[in-house]
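# Structural description and commentary
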Amino acid sequence: TVIFSVLVGGSANSTAEAIALTPQGQILISGMSNSSGFPATPGAYAVADSNQHPFLMELDASASTVIFSATGIGGNSLALDGAGNIFVSGSTTLLDYPTTPGAYQTTFTPSFVCSGLCQIGSPGAQQYLSKVNPTGSQVIYSTGINGAMAYRGGSTQNTGLAVDTAGNAYVTGVLDGGVYPFTTAPPNNAPYEFGFLTKLDPAGATVLY
């Protein structure tokens, strides 16, 4: 039995990539808007143009009411802490994903990956992590988690997120070449693509490992 089925995003071309439930049973959805016009609700975080930017949306338990809809923040992974704050992580090829002062990485370095026989470079993915208040109106902290170089080859593709009871955040994914802020050096025979697990402090300011 289908209890409910609902379309979200209005007329915008969009892709849902993550879903989570609040303790009250409300439904959080996040993903990517592939066109302009993704709807944002008054008071929620929003960017001028949703095209190629993530979204974060909360519905009531019956999926009949949009509690809030935010654009410019979101990702492919969602988690909640005990206070109801929303953590989102993902990767982007754009350099304008929002960051906050004092965060671990406040700017994104242009990154490129090889296409074909490396004759053409494509933009590499940039990992990010954001903590958002329960109403979707304020970014508490937001940071990139990538290697820091004037030119950074490869990409950092986020694939997962968790938050512990102390508010530490854990992100995981795949590094495709390039550099990454490892606290232990990977083995010399590491493959070109390999996974990572990173822990950040509750302020999003320090990589603990």
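Residues numbered from 1 in each chain as written. Predicted model: local features only at pLDDT ≥ 70, side-chain atom pairs only at ≥ 80, totals over all residues. Heavy atoms only, no water.

## Concerning unusual backbone geometry
Note: most residues except glycine have negative phi, and most peptide bonds are trans. In plain terms, the rule: Only runs of H or I of at least four residues qualify as helices and only runs of E of at least two qualify as strands under DSSP, and these elements are numbered from the N terminus. Each residue gets one of three labels from its accessible area relative to the maximum for its type: buried under 20%, exposed over 50%, partly exposed in between, using a 1.4 Å probe on protein chains only.
Positive phi values are uncommon outside glycine, yet Gln52 reaches one of about 65 degrees. Among the secondary structure elements, Gln52 is positioned in the loop between β2 (27–33) and β3 (53–59). The backbone of Ala63 sits at a positive phi, close to 60 degrees, despite the residue not being glycine. Among the residues examined, Ala63 registers a relative accessible area of 9% and is labelled buried.

## Notes on the nonpolar core
What counts here: Here, nonpolar core means buried Ala, Val, Leu, Ile, Met, Phe, Trp, Tyr and Cys residues that are tied together by side-chain atoms lying within 4.5 Å of each other. In this analysis, two residues are considered to be in contact whenever any of their non-hydrogen atoms come within 4.5 Å of each other.
Ranked by size, the top nonpolar core spans 16 residues in total, and within it Leu56, Ile73, Leu78, Ile86, Val88 and Tyr97 carry the most contacts. Listing elements by their share of this core, those giving two or more residues are β1 (14–21), β4 (66–71), β6 (86–92) and β9 (126–132). When sequence neighbours within four positions are dropped, the list of residues in contact with Leu56 reads Ile29, Ser30, Phe68, Ser69, Ala70, Ile73, Leu78, Ile86, Val88 and Val132. With 14 residues, the next largest nonpolar core counts Val163, Ala169, Leu175 and Phe196 among its residues.

## Examining the sheet that holds strand β5 (residues 77–80)
Where we set the bar: Following DSSP output, two strands are said to pair if at least two bridges run between them. For helices, the fitted axis covers only the stretch in contact; all axes are lines through C-alpha atoms, and the angles between them, taken along N-to-C directions, range from 0 to 180 degrees.
Taken together, four strands build an open sheet; the order of strands is β5-β6-β9-β10 and the sheet is antiparallel. Strands with a single pairing partner mark the edges of an open sheet, and in this sheet they are β5 and β10 (139–144). Along the sheet, successive strands turn relative to each other by an average axial angle of 15 degrees, direction set aside. The sheet contact formed by β5 and β6 spans four bridges and is antiparallel. Across the sheet, Leu78 pairs through a bridge with Val88, a residue of β6.

## What to know about the pairing of β9
Extensive coverage of β9 is indicated by the burial of seven of its seven residues. Going residue by residue along β9, you find Gln126, Tyr128, Ser130 and Val132 tucked away on one face and Gln127, Leu129 and Lys131 tucked away on the opposite face as well. By the bridge criterion, seven bridges tie β6 to β9 in an arrangement that is antiparallel. From the neighbouring strand, Thr92 faces β9, where its bridge partner is Gln126. Pairing geometry for β9 and β10, over five bridges, is antiparallel. Bridge assignment links Tyr128 to a residue of β10, and that residue is Gly144. Counting the residues in the hairpin turn of β9 and β10 gives six residues, including Gly136, whose phi is positive at 70 degrees.

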